[in-house]
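Tertiary structure, described
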Amino acid sequence: MPNQKKAVVLYSGGLDSTTCMAIARADGFAPYAMSFAYGQRHSVELAKAREYAPRAGAVEHQLVEIDLRRIGGSALTSDLAVPKDGVQEGEIPVTYVPARNTIFLSFALGWAEVLGAFDIFIGVNALDYSGYPDCRPEYIAAFEAMANLATRAGVEGAGRYRIHTPLIDLSKADIVRKGLALGVDYALTHSCYDPGPAGLACGQCDSCRLRLKGFAEVGISDPVAYAGKSED
C-alpha cells in the first residue's frame, strides 16, 4: 500500500524475528527486511530468511555480508563449542556475539535513513532469553537516543527514530501464540545455534531449549525437524 509507513525489520529467519515481521505488518507498516551473513555457524537460518521474506510480506529483503569471524569471541563465530547443557543464571553465555545488535541496528539505521523510514523493528527479548546485554530495554533506549543524535534526518528534524521491540517482555510461549494468531508458519523458521550437516536443529543448545519450551507451554509441537527425532 503506497500510504503505509516504511519500517526496517531486522530479520534472521528465526522464530522471534519472523514474529516481529508479522507484528510490523499487523501494525500497518510496510516491512523492509534486513538479514546478515556474518559468519555464523547457523547460517541455515539465512536460507529460511530468503524463502520466507517474500511470503511474510517484505517489500524488499537486503542480505548484508559482514565477517564477524575475523573478530571471533563467540561460539557462533568461532570454533568454540556451543553449550548444550543450558545457561547458568547471571552468566553471559559464550553464544553472545560481541556488539552484534549494535552492529545490526547501525546498518538498519543507515538503511532507514536512506528509505525515509523512522521505524526499526528488532525481535529482542528480555524475559525468555540467554542473558545477552544487548537485548535489555535500557540498551534499546540508549540506541534510540543515539540514533536521533547521529543522523542528518534526526538532527534536521525530519522525524524521530523509534526502535520497536514488540517481543521484549513476552515469554517464548506468548511469542508463539502471537505469531500463530498472525498466521506465521513456524515451519519456515530456524533457531538452532548448532545445526547438523543436514541442517537439522540440535534440540540441545539454549536457543533450541527456549524454542521447544515455548511450543510445549502452548501445547503444540514445534513444526521444525530436530536431529534424533522422527518427523510426524
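All values reported here derive from a predicted model rather than from experimental measurement. (Residues numbered from 1 in each chain as written. Predicted model: local features only at pLDDT ≥ 70, side-chain atom pairs only at ≥ 80, totals over all residues. Heavy atoms only, no water.)

1. Points about the overall build of the protein chain
For the protein chain, the helix and strand inventory stands at 7 helices and 5 strands. For the protein chain, the N- to C-terminal ordering of α and β elements is β-α-β-α-β-α-β-α-α-β-α-α. Relative to a compact globule of 232 residues, whose C-alpha radius of gyration would be 17 Å, the protein chain shows 17 Å and is just as compact. The C-alpha extent of the protein chain, read off along each of the three principal axes, is 55 × 35 × 30 Å. Relative to all contacts within the protein chain whose residues are 6 or more apart in sequence, the contacts with residues 24 or more apart total 71%. Of the side chains in the protein chain, 22 bear a positive and 27 a negative charge, and the two mean positions are spaced by 3 Å. (Helix = DSSP H or I, 4+ residues; strand = E, 2+ residues; numbered from the N terminus. Rg over C-alpha atoms; globule rule 2.2 N^0.38 Å. Contact = heavy atoms within 4.5 Å. Lys, Arg positive; Asp, Glu negative; His and termini not counted. Charge placed at Lys NZ, Arg CZ, Asp CG, Glu CD.)

2. Digging into the environment of Ala47
With respect to the helices and strands, the residue Ala47 is situated in helix 2 (residues 44-55). Assessed through its relative accessible area of 41%, Ala47 is described here as partly exposed. For the pair Ala47 and Gly13, spaced 34 residues apart in sequence, the C-alpha separation works out to 7.8 Å. (Buried < 20%, exposed > 50% of the residue type's maximum accessible area, 1.4 Å probe, protein only.)

3. Some thoughts on unusual backbone geometry
Trans is the common state for peptide bonds, and a negative phi is the common state for residues other than glycine. We note that Ala99 has phi near 60°; this positive angle belongs to a residue other than glycine. With respect to the secondary-structure elements, Ala99 resides in the loop between strand 3 (60-65) and helix 3 (100-115).

4. Details of the side chain of Ser74
By the element assignment, Ser74 lies in the loop between strand 3 and helix 3. A residue is classified by how much of its surface remains accessible, and Ser74, at 0% relative accessible area, is buried. A distance of 3.0 Å separates the side chain of Ser74 from the backbone nitrogen of Leu76, its partner in a polar contact. Polar side-chain contacts of Ser74 include one of 3.2 Å to the backbone oxygen of Tyr96. With residues up to four places along the chain from it excluded, the contact list for Ser74 reads Leu80, Val94, Thr95, Tyr96, Val97 and Pro98. (Polar contact = N/O pair within 3.5 Å; in protein donor to acceptor, adjacent residues only side chain to side chain.)

5. Description of helix 6 (residues 172-181)
Those residues of helix 6 not exposed but buried are Lys172, Ala173, Ile175, Val176 and Gly179. The arc enclosing the buried residues of helix 6, seen along the axis, measures out at 160°, which places them on a common side. Where helix 6 is buried, its residues contact helix 1 (15-26) and helix 7 (206-218). (Arc of directions from axis to C-beta.)

6. Some thoughts on the pattern of salt bridges
Overall, the coordinates contain 8 salt bridges when judged by the stated rule. For Arg69, the salt bridge identified is with Asp79, shortest N-O distance 3.4 Å. Of the two residues, Arg69 is situated in the loop between strand 3 and helix 3 and Asp79 in the loop between strand 3 and helix 3; the sequence distance between them amounts to 10 residues. The exposure class of Arg69 is partly exposed, given its relative accessible area of 37%. Note on Asp79: relative accessible area 75%, which makes it exposed. (Salt bridge = Lys/Arg side-chain N within 4 Å of Asp/Glu carboxyl O.)

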